[in-house]
Each structure stands twice: as structure tokens, then as C-alpha cells.
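Here is what each chain is made of, one letter per residue.
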Amino acid sequence: MEKSELLMAEAYDDGVVSEVIRPAAIVPEEAARAVLVELALRDVQNGGVWQSEPQLWSLYDRPWHGYDNPAGAELIGTIQVAYGTPTKYEITIYRVTVTRFGVDHDWTVHSLTDAALDFGGLTLDACPRATMSSPPRPFKY
């Protein structure tokens, strides 16, 4: 198991709070660009506390000691995202998880998400939401 997989496995044990965001939160293009730039500037590899990947944004309690060396940094939580949906330059937030460590340090689904969205001038409550269509009618012979 790779280190990133191990860190994620540790995140999903007892005491975590995980919430599916329904309807999903949509980060508009301008805010999405600002968020991505700021997450990159604050990456754990650059002395920051965020690790951003195309499907997952992770917040740690302190910077890492170089590439692939978390050096005891604790994972606070993760935000699962999808880039390029519903339109090419938007980002959809669909699940947020706060680890037991994060919960013990007063983090919530909203505060974790707001910490990332603040870089784009948004909050989870102020984010536009995906439209949910009705399920298709059952097929009849």
C-alpha cells in the first residue's frame, strides 16, 4: 500500500464524520480557478497544509517535511471533488469527510469545506447547487 493510500485508510476509521453533499455544491469558474491556485500555493510540498489532487483535497494540521514525508502531520479531513463538471471549468463538491483527529479539534464538514472555498470567496452554504432531475420512468414492455 502506498503512503497516500495508507493515509486515506487511516482517515476512514471510527470517529469520522462523512457527509454526501446533496445536491452537490458547484464551484463556479472564477471561484474554482482562485481555489485551485491558492490550494497549489498552500500545498504540503510548498510548506502549506493542503494536498490537492484532481479528485481529492486534503487538509493537514501542519506542513510535511518534503515530498512523500508527512512527518507526523495529521489528516484533518478530505473534500471529494470532480473537475470539469457540470461545465468544463466548474468543480463539483460531492462528499466531505472529517477524520477523528479533525473532529477532536473542532472541525466540521462545513468548516473544512469553507476553509477551501474561502480562497474563492465562497462558503458551502453560498455555493450554487447541482440541479437534480427526476429519475427516468420505468421501462415497460
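Right above here is the structure, for reference.
Attention here is on the structure that accompanies the text.

**What to know about the overall build of the chain**
Okay, step 1: A tally of helices and strands in the chain yields four helices and five strands.
Okay, step 2: With the C-alpha coordinates of the chain rotated into their principal frame, the extents come out at 60 × 35 × 30 Å.
Okay, step 3: Burial status across the chain gives 35% buried among its 141 residues.
Okay, step 4: Taking the contacts inside the chain whose residues are at least 6 apart along the sequence as the reference set, 53% of them involve residues at least 24 apart.
Okay, step 5: Of the roughly 8500 Å² that the chain leaves accessible, carbon and sulfur atoms contribute 53%.
Okay, step 6: Taken as two groups, the 11 positive and 20 negative side-chain charges of the chain have centres that lie 11 Å from each other.

**With respect to the sheet that holds strand S1 (residues 17-27)**
Okay, step 1: Ordered in space as S1-S5-S4-S3-S2, the five strands form an open sheet in which the pairing is antiparallel. Strands at the two margins of the open sheet, each flanked by one partner only, are S1 and strand S2 (50-52). Strand after strand, the sheet turns through a mean of 15 degrees between neighbouring axes, direction not considered.
Okay, step 2: Packed onto the sheet, helix H4 (residues 109-117) meets S1, S2, strand S3 (56-60), strand S4 (75-83) and strand S5 (91-98) and runs at close to 135 degrees relative to S5.

**A short note on the pattern of salt bridges**
Okay, step 1: This model, assessed by the stated rule, comprises three salt bridges.
Okay, step 2: Residues Glu 29 and Arg 33 are paired through a salt bridge, measuring 2.7 Å at the closest nitrogen-oxygen approach. With Glu 29 and Arg 33 both in helix H2 (residues 29-41) and four residues apart, the pair spans about one turn of that helix.
Okay, step 3: Here Glu 29 falls in the partly exposed class, since its relative accessible area comes to 34%.

**Description of the nonpolar core**
One recurring pattern in soluble globular proteins is that nonpolar side chains are buried together.
Okay, step 1: With 24 residues, the main nonpolar core has Val 27, Trp 50, Trp 57, Ile 79 and Ile 93 as its most contacted residues.
Okay, step 2: Elements with a contribution of two residues or more to this core: S1, H2, S3, S4, S5 and H4.
Okay, step 3: Ignoring sequence-local partners within four residues, the contact set of Ile 79 consists of Trp 50, Gln 55, Leu 56, Trp 57, Ile 93, Arg 95, Val 96, Leu 112, Thr 113 and Ala 116.

**With respect to the side chain of Thr 113**
Okay, step 1: By the element assignment, Thr 113 lies in helix H4.
Okay, step 2: Look at Thr 113 and you get buried, because its relative accessible area is 0%.
Okay, step 3: Filtering out sequence-adjacent residues up to four positions away, Thr 113 remains in contact with Ile 79, Ile 93, Val 96 and Leu 124.

**A word on the pairing of S4**
Okay, step 1: Of all nine residues in S4, seven are buried, a share of seventy percent or more.
Okay, step 2: Sheet topology note: the S3/S4 ladder contains five bridges and is antiparallel. Bridged to Trp 57 within S4 is Ile 79.
Okay, step 3: Of the pairings in the sheet, the one linking S4 to S5 comprises seven bridges and is antiparallel in character. The partner of Ala 82 across the bridge, within S5, is Thr 92.

The rules behind the values
Residues numbered from 1 in each chain as written. Predicted model: local features only at pLDDT ≥ 70, side-chain atom pairs only at ≥ 80, totals over all residues. Heavy atoms only, no water. Helix = DSSP H or I, 4+ residues; strand = E, 2+ residues; numbered from the N terminus. Buried < 20%, exposed > 50% of the residue type's maximum accessible area, 1.4 Å probe, protein only. Contact = heavy atoms within 4.5 Å. Areas by Shrake-Rupley, 256 points an atom, 1.4 Å probe, with all protein chains shown as cover. Lys, Arg positive; Asp, Glu negative; His and termini not counted. Charge placed at Lys NZ, Arg CZ, Asp CG, Glu CD. Pairing = 2+ DSSP bridges. Axes fitted to C-alpha atoms, helices over the stretch in contact; angles between N-to-C directions. Salt bridge = Lys/Arg side-chain N within 4 Å of Asp/Glu carboxyl O. Core = buried A, V, L, I, M, F, W, Y, C linked by side-chain atoms within 4.5 Å.

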